[in-house]
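Coordinate inspection notes
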Amino acid sequence: MTTLKSRLQDDLTAAIKGRDELRSATLRMTLTAISKEEVSGKSARELTDDEVQKVITREAKKRREAAEAFADGGRAAQAERERAEGEVLSGYLPAQLTDEELDALVGEAVAEAQAGGAEGPRAMGAVMKIVNPKVQGRAEGGRVAAAVKRRLAAG
């Protein structure tokens, strides 16, 4: 079993013993998502820590989107619950890049892509190929794409 998955299971056990309903429910949902991922496809397999982290990232994104939807629909209590669940999950993810750190990485990737011959808006794909591995798990794809577009428009 991967270390991240076993940490989730240990934390779930502690949350249940401590009667922390929010934490235990959130961890249960996340472990269920991990289990579904493990059995999807042609054969069951054990996920690596990176794959487990991707599942947690996806679950955290779902919580953010649901919180926005609930808030827009005037359901503040549900929105707050979704935000709280997102906070629980964020404890298992690497720290997110600040805007300045992301802009610096994007700037390096744009320079590298332009050195390789990519120019103008068409350089978007080349820049994304360079920057995505560097920011993996530390910045959401939409944020990265927006930063690349800003940089290419300004550049």
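Residues numbered from 1 in each chain as written. Predicted model: local features only at pLDDT ≥ 70, side-chain atom pairs only at ≥ 80, totals over all residues. Heavy atoms only, no water.

1. Brief notes about the packing of helix α2 (residues 21–39) against helix α4 (residues 76–90)
In plain terms, the rule: Helix axes are fitted only over the stretch in contact, all axes being lines through C-alpha atoms; the angle between N-to-C directions runs from 0 to 180 degrees. A run of DSSP states H or I qualifies as a helix once it reaches four residues; a run of E qualifies as a strand once it reaches two. Both are numbered from the N-terminal end. Roughly parallel means an angle under 35 degrees; roughly antiparallel means over 145; roughly perpendicular covers 65 to 115; every other angle is labelled oblique. Whether a crossing is left-handed or right-handed is set by the direction in which the near helix is turned from the far one by less than a right angle, anticlockwise for left-handed and clockwise for right-handed. Throughout, a contact is declared for two residues whenever any of their heavy atoms are within 4.5 Å. Polar here means any residue other than Ala, Val, Leu, Ile, Met, Phe, Trp, Tyr, Cys and Pro, which are nonpolar, and Asp, Glu, Lys and Arg, which are charged; Gly is therefore polar.
At a minimum axis separation of 10 Å, α2 and α4 run at an interaxial angle of 70 degrees. Between α2 and α4, the angle is such that the two are roughly perpendicular. Read as a crossing pair, α2 and α4 show a hand that is right-handed. In contact with Glu21, Leu22, Arg23, Ala25, Thr26, Leu27, Met29 and Thr30 of α2, α4 contributes Arg81, Ala84, Glu85, Val88 and Leu89. Here the contact of α2 with α4 is built from residues that sort into seven nonpolar, two polar and four charged.

2. Some details on the pattern of salt bridges
Rule in force here: The working definition used for a salt bridge is a side-chain nitrogen of Lys or Arg within 4 Å of a carboxyl oxygen of Asp or Glu. Buried means the residue's accessible area, taken with a 1.4 Å probe over protein chains only, is under 20% of the maximum for its type, while exposed means over 50%, and partly exposed covers the values in between.
Inspection of the entire model under this criterion finds 13 salt bridges. As a salt-bridge pair, Glu80 and Arg83 come within 3.4 Å of each other at their nearest N and O atoms. Here Glu80 and its partner Arg83 are both found in helix α4, three residues apart, which amounts to about one turn of the helix. Two residues, Glu112 and Lys134, come together in a salt bridge whose shortest N-O distance is 3.8 Å. Separated by 22 residues along the polypeptide, Glu112 in helix α5 (residues 99–115) and Lys134 in helix α6 (residues 124–135) bring together distant segments of the chain. According to the relative accessible area criterion, Glu112 is partly exposed, its value standing at 44%. We classify Lys134 as partly exposed; its relative accessible area is 31%. Beyond isolated ion pairs, a larger network of salt bridges with shared partners links Glu21, Glu59, Lys62, Arg63, Arg81 and Glu85.

3. Comments concerning α2
How we decide: For a helix, the expected span equals 1.5 Å multiplied by the residue count minus one.
Between the first and last C-alpha of α2 there are 27 Å, a value that for 19 residues agrees with the 27 Å anticipated at 1.5 Å per step. Considered for burial, the residues of α2 that qualify are Ser24, Ala25, Thr26, Leu27, Thr30, Leu31, Ala33, Ile34 and Glu38. For α2, the elements touching its buried residues are α1 (3–17), α3 (49–72) and α4. Backbone geometry just after α2 places Gly41 at a positive phi near 95 degrees.

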